[in-house]
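Inside the fold
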Amino acid sequence: MGPKVRLFLILFVAGMAGVLSFLLVDLEALIAALPQPAGSPTPELPPIAILKLIALIQPSVLTSLAVLVGIWLAPQVGLHAPLAEAIAERKPIWPSLGPQIAPGVIAGLASGVAIVLIWLIAKPNLPGEFITRAVEFNKFIPHAVRMLYGGITEELLLRWGVMTFLVWLQWRILLRKDIGGIPDQPPPTIIFIVAILVSAILFGVGHLPAASLLAGGLTLPIAIYVVAANSIFGIVAGLL
């Protein structure tokens with residue numbers, strides 16, 4: 001088994017741990033808590049076991065694709081997963097992990113403060129019903145899901161997969177000298193910045209359907225809050 005295969009397995013297993021953590025969500029209670037249109041009958045749903053299986057399929061496929069995209073394209077544009085690569089190549093871990101700890105802790109704390117500030121600023125402009133439902137909705141998401149899916153799987157999807165692809169795509173289109181040619185210089189900083197911003201904003205926009213469901217429709221303040229709050233950490237993580 002070569003290093004590339006080992007790297008795929010390491011990242012895939014880490015991502016799937018987050019996907020499988022969804023099994024801890026009480027889907028029956030979550031669905032029952034969602035608002036229903038006035039006067040509409042209670043919808044008939046498949047058995048919860050079937051719903052959970054369906055809920056696992058899409059993120060499993062997307063995680064697999066993101067891991068493959070990153071393994072294929074990241075080295076071409078100078079991006080790496082240092083810790084996972086060190087494990088895959090059977091090298092000492094600390095030289096790869098050590099330099100990441102202080103920036104990660106500082107950036108994580110700063111991002112947490114920023115997210116809280118965004119909430120405090122946005123809260124007076126958000127409908128009370130949306131706030132109540134959002135708080136109740138959050139209670140259904142176990143801490144394991146937040147840490148494993150939010151902390152690992154989403155980073156594989158958005159940074160390792162989408163951001164890497166956007167960097168590679170811009171690099172190939174903007175810097176190539178001929179059709180199908182490979183650029184002879186690494187991507188400039190602006191390409192990374194664009195990819196970081198776009199991938200982070202896409203992540204924020206991806207939360208709008210859930211927000212719309214909770215709010216019974218989107219308003220401008222809700223849309224701005226949801227995109228901003230969910231983009232801020234993506235930008236920081238991309239810079240890291």
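So, here's what we can say about the structure. (Residues numbered from 1 in each chain as written. Predicted model: local features only at pLDDT ≥ 70, side-chain atom pairs only at ≥ 80, totals over all residues. Heavy atoms only, no water.)

Structural notes on the layout of surface pockets
Estimated volume of the second largest pocket: approximately 1,200 Å³. Listed by contribution, the elements that provide at least two residues to the lining of the second largest pocket are α1 (3–20), α4 (82–88), α5 (94–122), α7 (143–175), α8 (189–205) and α10 (220–239). Sort the elements by how many residues they give to the lining of the second largest pocket and α7 lands first, with 10 residues. Residue classes in the lining of the second largest pocket are distributed as 25 nonpolar, 8 polar and 2 charged. (1 Å grid on protein atoms, 1.4 Å probe; cavity = no way out; pocket = protein on both sides within 12 Å on 5 of 7 lines; lining within 4 Å. Points joined across faces, edges and corners; volume = space filled by probe spheres on them. Helix = DSSP H or I, 4+ residues; strand = E, 2+ residues; numbered from the N terminus. Nonpolar A, V, L, I, M, F, W, Y, C, P; charged D, E, K, R; others polar.)

Describing unusual backbone geometry
With a phi close to 55°, Arg90 is a non-glycine residue in the positive phi region. By the secondary structure assignment, Arg90 is in the loop between α4 and α5. The exposure class assigned to Arg90 is exposed, which follows from its relative accessible area of 66%. (Buried < 20%, exposed > 50% of the residue type's maximum accessible area, 1.4 Å probe, protein only.)

What to know about α8
The terminal C-alpha atoms of α8, which comprises 17 residues, lie 24 Å apart, in line with the 24 Å expected from a rise of 1.5 Å per residue. Inspection of α8 places Ile191, Ala195, Ile196, Ser199, Ala200, Phe203 and Gly204 among the buried residues, and these make up the whole buried set. As for α8, its buried residues are in contact with α7, α9 (208–215) and α10. (Expected span 1.5 Å × (residues − 1). Contact = heavy atoms within 4.5 Å.)

Focus on α10
The periodicity of an α-helix, 3.6 residues per turn, causes residues three or four places apart in sequence to face the same way. If you check α10, its first and last C-alpha atoms are 28 Å apart, about what 20 residues at 1.5 Å a residue would give, namely 28 Å. Of all the bends in α10, the greatest measures close to 30° and is centred on Ser231. If you check which residues of α10 are buried, you get Ile222, Ala223, Tyr225, Val226, Ala229, Ser231, Gly234, Ala237 and Gly238. Buried residues in α10 make contact with α5, α6 (128–138), α7, α8 and α9. (Bend = angle between axes of the 7 residues up to and from the residue.)

With respect to a nonpolar patch on the surface
A surface patch of nonpolar side chains, amounting to about 660 Å² of accessible area, comprises Val162, Ile190, Ile193, Val194, Leu197, Val198, Ile201, Leu202 and Val205. Along the chain, the position of Val205 falls in helix α8. A relative accessible area of 38% means that Val205 is categorised as partly exposed. (Patch = residues over 30% accessible without salt bridge, like charges linked within 9 Å, V, L, I, M, F, W, Y side chains within 5 Å. Areas by Shrake-Rupley, 256 points an atom, 1.4 Å probe, with all protein chains shown as cover. Salt bridge = Lys/Arg side-chain N within 4 Å of Asp/Glu carboxyl O.)

What about the packing of aromatic side chains?
Evaluation of the coordinates by the stated rule reveals 5 aromatic pairs. With 5.5 Å between their ring centres and 55° between their planes, Trp119 and Tyr225 make a pair best called tilted. Residue Trp119 is located in helix α5, and its partner Tyr225 is located in helix α10; the two are separated by 106 residues in the primary sequence. Residue classification places Trp119 among the partly exposed positions, given a relative accessible area of 22%. Chaining the aromatic ring pairs together yields one cluster made of Trp72, Phe165 and Trp168. (Phe/Tyr/Trp six-rings, centres within 6.5 Å; stacked < 30°, edge-to-face > 60°.)

Quick word on the side chain of Thr164
One can find Thr164 in helix α7. Look at Thr164 and you get buried, because its relative accessible area is 1%. Once you skip the residues sitting within four places of it in the chain, Thr164 turns out to touch Gly70, Leu73, Ala74, Leu79 and Arg159.

Points about the nonpolar core
The biggest cluster of nonpolar side chains holds 22 residues, and the ones touching the most others in it are Leu7, Leu11, Val77 and Trp160. Those elements giving two or more residues to this core turn out to be α1, α3 (48–77), α4, α7 and α8. Counting residues per element, this core draws most heavily on α7, at 8 residues. Listed in part, the 14 residues of the second largest apolar core include Leu27, Leu56, Ala66 and Leu157. (Core = buried A, V, L, I, M, F, W, Y, C linked by side-chain atoms within 4.5 Å.)

Quick look at the side chain of Ser111
If you trace the backbone, Ser111 turns up in helix α5. Look at Ser111 and you get buried, because its relative accessible area is 1%. Ser111 has contacts with Phe233 and Val236, leaving out every residue within four places of it along the chain.

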